[in-house]
Amino acid sequence: MEIIKVKDSDELGRKAAEIVIETIKGKENPVLGLATGSTPEKLYANLVEKCNTGEITFKNAVTFNLDEYVGLTIDDPQSYHYYMDKHLFDGIDIQKENTHVLDGEAEDLQKECDSFEQLIKDAGEMDLQILGLGLNGHIGFNEPGTAFDSRTHIVELEQSTIEANSRFFESKEDVPTKALTMGIGTIMDAKKILFIVQGEQKADILKAVVHGEVTEDVPASVLQQHPNVVLITDIDI
């Protein structure tokens, strides 16, 4: 695992954007795995700027998002569909039909997961997967105890995840209790992983991820076994 230490979120956003841009420029039809949350926001802002100045184009890119809440409409401000449109898709030249976000309102959630998994396989796996880190060690919405060989699936969110995400909602009661997520096996199939983590509140869990035992109790610890991970963080580890 390559570790890049940065001083703040601005530098994290710039450094992360450099890696995404390198991937886009190096592939005729780049396949990107995307994350949501507060950490990637400055990364996406940098990508929008670089696209608008003509430095990069997303016209031939295909994207797959890590996860989505169950039960939120795509125009709900807390849905990850809405987040991606707001922070990235509406500001770049990507073809919307090439952007894939799980449908948390699907009538058959398992079928939605299976179809999403097949779309990823048809695209040829991710050239670059962007990941954040949950306070309990989750990646995507793969909570502690998730099998390392799991594929895209339905998940019951842990109380700690609901509480951590409640800051985005009016109240904790408004946070969905279920989500759809790429599995850990799906994530690990990516050719390269860009792991971005910020904030001292994640220092202990990040140290466990990077230096601790590889265990399903700390889902992100599996990244120790991936051959091409770049961690960008403002945390001393």
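Here's a quick rundown of the structure.

Quick notes on the rules
Every chain begins its residue count from 1, and numbering advances along the sequence as written. With the structure being a predicted model, the display of local features is reserved for residues of pLDDT at least 70 and the display and counting of side-chain atom pairs for 80 or more, all residues being used for whole-chain, interface and lining totals. Note that the side-chain values use all heavy atoms of the structure and ignore hydrogens as well as water. Working definition: helices are DSSP H or I runs of at least four residues, strands are E runs of at least two. Numbering for both runs from the N terminus. Paired strands, as defined in this entry, are two strands with at least two bridges between them according to DSSP. Angles run from 0 to 180 degrees between N-to-C directions of axes, and those axes are lines fitted to C-alpha atoms, restricted for helices to the stretch in contact. Residues enter a patch when their relative accessible area is above 30% and they make no salt bridge; the linking distance is 9 Å between like charges and 5 Å between nonpolar side chains (Val, Leu, Ile, Met, Phe, Trp, Tyr). Throughout, the Shrake-Rupley method with a 1.4 Å probe supplies accessible areas, and for residues the shown protein chains are the sole cover considered. For salt bridges, the criterion is a side-chain nitrogen of Lys or Arg within 4 Å of an Asp or Glu carboxyl oxygen. We call two residues in contact when some of their heavy atoms are within 4.5 Å. Buried Ala, Val, Leu, Ile, Met, Phe, Trp, Tyr and Cys residues that are joined via side-chain atoms within 4.5 Å together make up what is termed a nonpolar core. Exposed residues in this analysis have more than 50% of their type's maximum accessible area, buried residues have under 20%, and partly exposed residues fall in between, with area computed by a 1.4 Å probe over protein chains only. Taking the helix axis as origin, the arc is that swept by the directions to the C-beta atoms. Helix span, expected: 1.5 Å multiplied by one less than the number of residues in the helix. Between N or O atoms, a polar contact is any pair within 3.5 Å; within protein, one atom must be a potential hydrogen donor and the other a potential acceptor, and residues adjacent in sequence are included only when both atoms are from side chains. Aromatic pairs are defined between Phe, Tyr and Trp rings, using the six-membered ring for Trp, whenever the two ring centres lie within 6.5 Å; interplanar angles under 30 degrees are classed as stacked, those over 60 as edge-to-face, and all others as tilted.

With that out of the way, let us pick up the environment of D174. For D174, the location among the structural elements is in the loop between helix 5 (159–165) and strand 8 (178–181). Through-space distance from the C-alpha of D174 to that of I162 is 9.4 Å; in sequence the pair is twelve residues apart.

To continue, consider the sheet that holds strand 8. One open sheet accounts for three strands, arranged 4-8-7; its pairing is antiparallel. Each edge of the open sheet is held by one strand with a lone partner, namely strand 4 (67–69) and strand 7 (153–156). With strand direction ignored, the average angle separating the axes of adjacent strands in the sheet is 25°. Relative to strand 8, strand 7 is paired through four bridges, and the arrangement is antiparallel.

Let's shift gears to a nonpolar patch on the surface. Together, M1, I3 and I237 line one region of the surface with nonpolar side chains, adding up to about 230 Å² of accessible area. Looking at where M1 falls in the secondary structure, it is placed in the segment before strand 1 (2–5).

A few words on the sheet that holds strand 5 (residues 99–100). Strand order in the open sheet made by the seven strands is 1-10-9-6-2-3-5, with parallel pairing throughout. For this open sheet the edge positions go to strand 1 and strand 5, each flanked by a neighbour on one side alone. Bridge analysis of strand 9 (residues 193–197) against strand 10 (residues 229–233) gives five bridges, and the strand direction is parallel. Each residue of the ladder has a partner; that of L194, found in strand 10, is V230. In this fold helix 4 (residues 109–123) packs onto strand 2 (31–34), strand 3 (62–65) and strand 5, with an angle of close to 145° to the strand it touches most, strand 3.

With that settled, the discussion passes to the nonpolar core. Within the largest apolar cluster, 80 residues are counted, with the highest numbers of intra-cluster contacts made by L47, F58, F195 and I232. No other element matches helix 1 (residues 9–26), which puts seven residues into this core. The residues contacting L47, other than those within four sequence positions of it, are A17, V20, I21, I56, F58, L88 and I92.

When helix 7 (residues 203–211) is considered as a whole, its buried residues turn out to be A203, I205, L206, V209 and V210. Looking straight down helix 7, one finds that the buried residues subtend no more than 165° of arc, so they occupy a single side. The exposed residues of helix 7 that point more than 90 degrees off its buried face are D204 and H211.

So, about helix 1. With 18 residues, helix 1 extends 26 Å from end C-alpha to end C-alpha; this agrees with the ideal 26 Å at 1.5 Å per step. Taken together, the buried positions of helix 1 are occupied by E11, L12, G13, A16, A17, I19, V20, I21, T23 and I24.

Structurally, T161 is set in helix 5. At 3.4 Å, the side chain of T161 and the side chain of H138 are in polar contact. Ignoring any residue separated from it by four or fewer positions in sequence, one finds T161 in contact with N136, H138, F141 and E143.

Further remarks concern the packing of aromatic side chains. A full pass over the atoms with the stated rule returns six aromatic pairs. A centroid spacing of 5.7 Å and a plane angle of 80° characterise the contact between Y69 and F169, whose relative ring orientation is edge-to-face. Separated by 100 residues along the polypeptide, Y69 in strand 4 and F169 in the loop between helix 5 and strand 8 bring together distant segments of the chain. Considered together, Y69 and F169 belong to a single accessibility category, that of buried residues. Each residue in the set Y69, Y80, F141 and F169 is aromatic and connected to the rest through ring pairs, giving one cluster.

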